[in-house]
Amino acid sequence: MGTQQLLESLTADQIKTDLPRMDIGDTVNVHARIVEGDKERVQVFQGVLISRKGRGIHEMITVRRIVDNIGVERTWPINSPLIAKLETVRRGDARRAKLYFLRDRTGKSRRLRDRRRGMKHVEGMKTVQ
């Protein structure tokens, strides 16, 4: 057994299995645990998933949202115990692996199309939800 397979077998029990399907361009809710002193609370960060990096235990996501016309990005390890829950709110249509170009966009050009485009007129065709 190689070194990489040994590391993956050691970390296999720490990988979360209850993750929803998330693709680049989707709007996601990240329920992050915030620890303040001896209290713990859950804070929801909703934004567009602009990046996924790594694999296995080292997989990271970057989520971007706009607060008072200022872009805020946060990066989390997907398998971190500080993430209570991940939800997919809206499926966005993206044709790139990384959406870093959204950092330079303002106004309506910042928005992404919905994933279900072009399938409304086809009868009986299932759309990806």
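Here, every reference points to the structure presented above.
Computed from a predicted model, the values in this text were never measured in an experiment.

The full count for this structure, using the stated rule, is one aromatic pair. Centroid distance phenylalanine 45 to tryptophan 76: 5.4 Å. Interplanar angle 75 degrees. Geometry classified as edge-to-face. Separated by 31 residues along the polypeptide, phenylalanine 45 in strand S2 (residues 39-53) and tryptophan 76 in strand S4 (residues 70-77) bring together distant segments of the chain. Classification of tryptophan 76 by relative accessible area gives buried; the value is 6%.

With that settled, consider a nonpolar patch on the surface. Among the surface-exposed residues, Met1, Leu6, Leu7 and Leu10 lie close enough to one another that they form a single nonpolar patch of about 480 Å² accessible area. The residue methionine 1 is located in the segment before helix H1 (3-11) in this model. With relative accessibility at 81%, the residue methionine 1 sits in the exposed group.

The subject of this paragraph is the sheet that holds S2. What links the strands of a sheet is backbone hydrogen bonding, and the strands pair in either a parallel or an antiparallel sense. Taken in spatial order, the five strands make up an open sheet running S4-S3-S2-S1-S5, and their pairing is antiparallel. In the strand order of this sheet, the two ends are held by S4 and strand S5 (83-90), each with one partner. Adjacent strand axes in the sheet meet at a mean angle of 40 degrees, parallel and antiparallel pairs treated alike.

The rules behind the values
Residues numbered from 1 in each chain as written. Predicted model: local features only at pLDDT ≥ 70, side-chain atom pairs only at ≥ 80, totals over all residues. Heavy atoms only, no water. Phe/Tyr/Trp six-rings, centres within 6.5 Å; stacked < 30°, edge-to-face > 60°. Helix = DSSP H or I, 4+ residues; strand = E, 2+ residues; numbered from the N terminus. Buried < 20%, exposed > 50% of the residue type's maximum accessible area, 1.4 Å probe, protein only. Patch = residues over 30% accessible without salt bridge, like charges linked within 9 Å, V, L, I, M, F, W, Y side chains within 5 Å. Areas by Shrake-Rupley, 256 points an atom, 1.4 Å probe, with all protein chains shown as cover. Salt bridge = Lys/Arg side-chain N within 4 Å of Asp/Glu carboxyl O. Pairing = 2+ DSSP bridges. Axes fitted to C-alpha atoms, helices over the stretch in contact; angles between N-to-C directions.

All quantities given are derived from atomic positions and should not be read as evidence of function.
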